Amino acid sequence: MAAQRQVSAPGYRQGPIEGYRDVRSYGVGMWAWLLQRVSGVLLIFFVFAHFWIKVLFPTWGVVPMAIDLMLILLVTYHGFSGLRTVLIDFGAGVRAQRVVFFSTVALALITAAFAVTAYLDRYI
Amino acid sequence: MDEIVVRAFRFNPSAGEAPRWDSYRVQRVSQMTVLDALFAIQNEQDDSLSFRSACRVGMCGSCGMMINGKPRLACQTGVEQVGAEFTVEPLRNLPVLKDLVADMDPFMEKYARVIPYLVPKDPEAPPLVLPADSDERGIIDENLQCITCGLCYAGCGAATADEEFLGPAALNRAYTLIQDPRDATPEERMKVVEDPRGIWRCRTQIACTAYCPRHLSPTHTIQQLRVKAIRRRFGRVPGK
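Conventions we followed
Residues numbered from 1 in each chain as written. Chains lettered and ligands numbered in written order. Predicted model: local features only at pLDDT ≥ 70, side-chain atom pairs only at ≥ 80, totals over all residues. Heavy atoms only, no water. Helix = DSSP H or I, 4+ residues; strand = E, 2+ residues; numbered from the N terminus. Buried < 20%, exposed > 50% of the residue type's maximum accessible area, 1.4 Å probe, protein only. Contact = heavy atoms within 4.5 Å. Areas by Shrake-Rupley, 256 points an atom, 1.4 Å probe, with all protein chains shown as cover. Lys, Arg positive; Asp, Glu negative; His and termini not counted. Charge placed at Lys NZ, Arg CZ, Asp CG, Glu CD. Polar contact = N/O pair within 3.5 Å; in protein donor to acceptor, adjacent residues only side chain to side chain. Buried area = accessible area lost by both parts, 1.4 Å probe. Salt bridge = Lys/Arg side-chain N within 4 Å of Asp/Glu carboxyl O. Nonpolar A, V, L, I, M, F, W, Y, C, P; charged D, E, K, R; others polar. Arc of directions from axis to C-beta. Patch = residues over 30% accessible without salt bridge, like charges linked within 9 Å, V, L, I, M, F, W, Y side chains within 5 Å.

Novice: What am I meant to see in the overall build of chain B here?
Specialist: The number of helices and strands found in chain B is ten helices and seven strands. Seen along its three principal axes, the alpha-carbon backbone of chain B occupies a region of about 65 × 35 × 35 Å. Counting only residues that meet the buried cut, chain B has 54% of its 240 residues in that class. Of all intrachain contacts in chain B linking residues separated by at least 6 positions in sequence, the fraction that spans at least 24 positions is 61%. Accessible surface computed for chain B: about 10800 Å², of which carbon and sulfur atoms make up 50%. Put simply, chain B has 30 plus and 31 minus side-chain charges, and the middle of one group is 6 Å from the middle of the other.

Here it is as structure tokens:
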């Protein structure tokens, strides 16, 4: 008679929570994916906040300025991160994902720095 | 004495115990791999520790496990790469049989779903009809290096979120056979990979490419399958 194969105990399986909880397993691609999603969700909030302050109830001060600066940072990062996704969708940069990701971050920061400088020149 | 500390995931379903972590101090030797450390524990301290291994040279893919949270082959990972204290646990995204041994059945069942063998158009034709320098042969030769170790599946965030996702290895195998002009079943395979739990479930987190011990790129082949799927529905894709 063939030996019976032992099967895992019912109720134990390393599921999504256990899988995602261990950030050591996050590679560059996972961080890029996560930052793209987080920046996208934050963008929704900051775009509405920007619209609220600039159009519905125009006001000026530290908070509106901080919202605008965050918006600049998020738009530039999310935009460049989107270009990275397009590159990878066309099969480019898959093996050089580390270089592509850090280039994305660097380009976003440089562009944001220029945009913030222009913003401050105009409003301060 | 130069020692390393191995924190091993322990789980024995037949004993009815909850999963736990045990620590072992092991004397470090020159050129020591994680697999060597596990054998040292098993031989000298705790013979109840279970893990898989066979070839010890990275060819069979049986010693895949999570080492410091990352899927790796224990025989190909030197202890100097992972530090003086490291953790070992079974491959993620799969049920645990015992200690460091994951149940590979879900992985293999998905692999089988893509019909992972050549179905010849003409069973009587001679076996080698593709020139060695042809494009198809290039794709086939590269992807035949897959040893089905399951590291890509264990590192895959999409498989963590959805246990029905076909996974990188199965999709990689499907692409290899779909690109083979000698194969008679590319349409059947495309139907399997075009399932919502197939190519469209991939989140392009590129973990499979990063962790593959044979340096394959399932991310790339999944993108190629997506292009093929779009072509089948909408005609040619610009630039492809």
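Novice: Would you explain the side chain of T87 of chain B in this entry?
Specialist: Within the secondary structure, T87 of chain B is located in strand 5 (residues 85–89). Side chain to side chain, T87 of chain B and R24 of chain A meet in a polar contact 3.2 Å long. When sequence neighbours within four positions are dropped, the list of residues in contact with T87 of chain B reads R24 of chain A together with R7, W21, M66, I67, N68 and G69 of chain B.

Novice: Please clarify how the interface of chain A and chain B should be interpreted in this entry.
Specialist: In this assembly, 28 residues from chain A lie in contact with 40 residues from chain B. Here chain A and chain B share an interface that buries about 2900 Å² over both sides, 50% of which is from carbon and sulfur atoms. Connecting chain A to chain B are two salt bridges. Linking chain A with chain B are six residue pairs in polar contact (both at pLDDT 80 or more). Elements supplying a minimum of two residues to the side of chain A that touches chain B: helix 1 (16–21), helix 2 (28–56) and helix 3 (62–89) of chain A. Looking at the side of chain A that touches chain B residue by residue, the classes come out as eleven nonpolar, ten polar and seven charged.

Novice: Could you clarify how one ought to interpret helix 8 (residues 186–193) of chain B in this entry?
Specialist: Residues separated by three or four positions in an α-helix point in the same direction, a consequence of the helix having 3.6 residues per turn. Residues and elements named next belong to chain B. Turning to helix 8, its buried residues are R189, M190 and V193. Down the axis of helix 8, the buried side of the element spans an arc of 100°, and every buried residue falls inside it. Against helix 7 (168–178) and helix 10 (218–234) lie the buried residues of helix 8.

Novice: Even after reading the chapter, I still don't get a nonpolar patch on the surface, so can you show me in this structure?
Specialist: A contiguous nonpolar patch, built from F51, W52, V55, L56 and F57 of chain A and spanning about 530 Å² of accessible area, is present on the exposed surface. When you line up the elements, V55 of chain A lands in helix 2.

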